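If you want the building blocks of each chain, they are given just below.
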Amino acid sequence: MKKVAVDAMGGDFAPLEIVLGGIQAVRDYKIPIVLVGDSEQIRKILADNGEDANSLIEVIHASQVIEMGEHPGMAFRKKKDASISVAARLVKQGKCDAVVAPGSTGAAVTAGLLGIGRIKGIERPAIVTPIPNEKGGHTFLIDAGASANPKPENLLQNALLGYNYAKYVRHIKEPRVGLLNIGSESTKGSALMTETYELLSKQTWFPFAGNAEGRDIPTGEFDVVVSDGFTGNVVLKFGEGLGKLFITLLKDSIYRGGVLAKLGGLLLKPALKKYMMKKFDYAEEGGAPLLGIDGTLIISHGSSRAKAIRNAIRLANQVAEEEIPTLVKNTLNVAIESE
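To start, this report covers the structure provided alongside it. (Residues numbered from 1 in each chain as written. Predicted model: local features only at pLDDT ≥ 70, side-chain atom pairs only at ≥ 80, totals over all residues. Heavy atoms only, no water.)

Scanning the protein from N- to C-terminus turns up twelve helices and eleven strands. Against the compact-globule benchmark of 20 Å for 339 residues, the protein has a radius of gyration of 21 Å, which places it among compact chains. Its C-alpha atoms give the protein principal-axis dimensions of about 70 × 60 × 35 Å. Here the protein holds 339 residues, and the buried ones make up 48% of them. Summarising the internal contacts of the protein: among those between residues at least 6 apart in sequence, 71% fall at separations of at least 24. Each charge sign in the protein was given a centre, from 40 positive and 38 negative side chains, and these centres are 3 Å apart. (Helix = DSSP H or I, 4+ residues; strand = E, 2+ residues; numbered from the N terminus. Rg over C-alpha atoms; globule rule 2.2 N^0.38 Å. Buried < 20%, exposed > 50% of the residue type's maximum accessible area, 1.4 Å probe, protein only. Contact = heavy atoms within 4.5 Å. Lys, Arg positive; Asp, Glu negative; His and termini not counted. Charge placed at Lys NZ, Arg CZ, Asp CG, Glu CD.)

Below, the structure is given as structure tokens:
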């Protein structure tokens, strides 16, 4: 098992829910963790739950917190003892293998970029996010918000990162990689997308399956869909809103449909909860990996509770086990040697 540092002060429900999630991960998966933050508060929660003497749980004090409203870069440089900063340094120093970072996405990306550092040859990190698809699996959207104004070379690198993640962490035998665009033709889209298409078509790192339209994301036609961070984040947030709308309309239809509809809804509720709603619950995944850094960092939702943190720690261990940075470095080294 890999050792996972957890920013215990990040998110809306820190430190209670973060620490409880850490406790659950240790109990369920035996993953060693380091809880970083206000040691007095953390230790009290551990003691209240009978885990103050657990050898798999370590506490490291951090006196500062980067708040949601702060400028990530400025706060990271100013607050050297912020919990996310300390957690990132533990990975940089080799004392931990991964970080789970609930709270500010900007602070987490900055901690990964400046605290842990980039993989040589990767200019910008990217967030990869799973989206449920019709085939029962996930389509992996990259980038989902780390870099709003990338260059074509950055999107090419994102494609490599996403391909490695889908193949080695998610065990998709030969991931189909597509470029998010407004049409399937190679000439469609902005200058950024047409130039990226050309780069993806010429590279030999992985098979390129062509342009993917927005409607292709939920079909499962592509395993990895490459986007700039601005568009990717809009797609992600739109999907979240659409999911909530669907549930609202479903409930309203059942309510308006009379006794039989309500009875049918009652009978369907267990199956919907078990087989459909579970796929749309972000807590099941726990978080989204930040790829392109020389280590493992999982970004969790700011409103994460214990279940989400537990699963984020499990995901952090899984990603760290596959050593994605090493795989990417090897690919890039071969490319450099062949030039």
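Along strand E10 (residues 288-291), one buried face is formed by Ala-288 and Leu-290 and the opposite face, lined by Pro-289 and Leu-291, is buried too. Direction of pairing for strand E5 (residues 126-132) relative to E10: antiparallel, over a ladder of two bridges. Opposite Ala-126, over in E10, you have Leu-291 as the bridge partner. Adjacent in sequence and paired antiparallel, E10 and strand E11 (residues 296-300) are bridged by four residues, among which Gly-292 carries a positive phi angle near 105°. (Pairing = 2+ DSSP bridges.)

Moving on, we get to the packing of aromatic side chains. If you walk through the whole model with that rule in mind, you get three aromatic pairs. Here the aromatic rings of Phe-140 and Tyr-165 are separated by 5.6 Å at their centres, their planes lie at 80°, and the arrangement is edge-to-face. Taken together, the positions of Phe-140 in strand E6 (residues 138-142) and Tyr-165 in helix H6 (residues 152-169) put the pair 25 residues apart, joining distant regions of the chain. Exposure remark for Phe-140: the relative accessible area of 2% places this residue in the buried category. Judged by its relative accessible area of 1%, Tyr-165 falls in the buried class. (Phe/Tyr/Trp six-rings, centres within 6.5 Å; stacked < 30°, edge-to-face > 60°.)

This paragraph deals with the sheet that holds strand E9 (residues 224-226). Ordered by their spatial adjacency, eleven strands build an open sheet running E3-E2-E1-E4-E11-E10-E5-E6-E9-E7-E8, and the pairing between neighbours is mixed. Two strands bound the open sheet, and with one partner strand each, they are strand E3 (57-61) and strand E8 (208-212). Adjacent strand axes in the sheet meet at a mean angle of 25°, parallel and antiparallel pairs treated alike. Strands in contact with helix H11 (residues 306-322) are strand E1 (4-7), strand E2 (33-37), strand E4 (98-102), E10 and E11; relative to E11, the strand with the most contacts, it is inclined by about 155°. (Axes fitted to C-alpha atoms, helices over the stretch in contact; angles between N-to-C directions.)

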